[in-house]
Amino acid sequence: MMGVFIAILVILAWVGHLAYSLLYVEVSALNPWLYVHVLIQTHLFTGLFITGHDGMHGTIKPSHDGTNKVIGTIASFLYAGLSFRRLKKNHQKHHNSPGTASDPDYCERSQNFFIWYFTFMWRYLTIWQILIMAAMFNVLSFWISEISLIILWIVPAFLSTFQMFYFGVYAPHKLPHQGDMMPYRSRTLQRNHLLAFLSCWFFGYHYEHHQSPGTPWWRLYQKKVH
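Here the structure is a predicted model, which is why all the values come from computation and not from measurement.

Novice: How should the overall build of the protein be read in this particular structure?
Specialist: Each helix and strand in the protein was counted, giving 9 helices and 0 strands. Along its sequence from the N terminus, the protein presents helices and strands in the succession α-α-α-α-α-α-α-α-α. By its C-alpha atoms, the protein is 55 × 40 × 35 Å across when sized along the principal axes. The buried share among the 226 residues of the protein stands at 48%. For the protein, the share of sequence-separated contacts (at least 6 apart) that also reach a separation of at least 24 residues comes to 62%.

Novice: Would you take a moment to explain the pattern of salt bridges for this structure?
Specialist: Oppositely charged side chains may form a pair once their charged atoms are brought near each other. Scanning all chains against the criterion turns up 1 salt bridge. Between Lys 224 and Glu 208 there is a salt bridge whose closest N-O contact spans 3.2 Å. In this pair, Lys 224 sits in the segment after helix H9 (206-211) while Glu 208 sits in helix H9, placing the two residues 16 residues apart along the sequence. Residue Lys 224 is classed as buried on the basis of its relative accessible area, which comes to 6%. Relative accessible area serves as the criterion here: at 7%, Glu 208 is assigned to the buried category.

Novice: Looking at this structure, how should I read the nonpolar core?
Specialist: Nonpolar side chains tend toward joint burial in soluble globular proteins. Trp 14, Tyr 79, Trp 116, Trp 153, Phe 165 and Trp 217 are the most contacted members of the largest nonpolar core, which has 51 residues in total. Contributions of two or more residues to this core are made by helix H1 (2-24), helix H2 (32-56), helix H3 (65-80), helix H4 (84-96), helix H5 (113-124), helix H6 (127-140), helix H7 (146-173) and helix H8 (193-200). Non-local contacts of Phe 165, meaning those with residues more than four positions away in its chain, are made with Phe 113, Trp 116, Tyr 117, Phe 120 and Tyr 170.

Novice: Just to check I follow, could you spell out unusual backbone geometry for this structure?
Specialist: Among all residues except glycine, the phi angle is most often negative; among peptide bonds, the trans geometry is most common. Here the bond from Leu 175 into Pro 176 is cis, since omega is 0°, no more than 30 degrees from zero. Mapped onto the elements, Pro 176 comes out in the loop between H7 and H8. Of note in this structure, Arg 185 is not a glycine but carries a positive phi near 50°. With respect to the element layout, Arg 185 can be found in the loop between H7 and H8. On the basis of relative accessible area, Arg 185 is assigned to the partly exposed category, the value being 26%.

The rules behind the values
Residues numbered from 1 in each chain as written. Predicted model: local features only at pLDDT ≥ 70, side-chain atom pairs only at ≥ 80, totals over all residues. Heavy atoms only, no water. Helix = DSSP H or I, 4+ residues; strand = E, 2+ residues; numbered from the N terminus. Buried < 20%, exposed > 50% of the residue type's maximum accessible area, 1.4 Å probe, protein only. Contact = heavy atoms within 4.5 Å. Salt bridge = Lys/Arg side-chain N within 4 Å of Asp/Glu carboxyl O. Core = buried A, V, L, I, M, F, W, Y, C linked by side-chain atoms within 4.5 Å.

In structure tokens form, the structure reads like this:
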């Protein structure tokens, strides 16, 4: 049950901090706390996605597909109207053939960060996702100012995509694919648990994740040897 407790805690932290920020944080370039809250919400957005990611691997509650699907679906939808089913299908392809032409997360035509990033985003972006987010924005704008929604909700969500892409896709899987990266074509962060958590919820321990996809994010540090 620890995985369920942690997943719910992450979701509630995301919801709670977002609600607090939208209601009480002054959106002003002169307000230093604004930047702090944007960074916190960015980190929580990343945690929300990784909670959905754990649902894809069935690690929120092992051997209980229903719980993983429900919590994973909620986390993925709250993140950006994402389809848990579609994410899971593509993520399985990533684990089957990481860093190859069959990997939907990999960009064969260019190793440039921005080309790869926009290719990656384009492959996952759907018209339904855009419509869902637009609808949510317009509904929330009845109670919350648009500038607050943009700065404290949209901007952190956007920033978190860079965080996840860099630590979970680009840095681990970019060329050259050296011998110590095989068979997952993945490198990993040096052992530093605090940095690994703050940077991307231990997702930078990426070789270890491919080696043990059944390990939830909050236990991934235990797989780190060096």
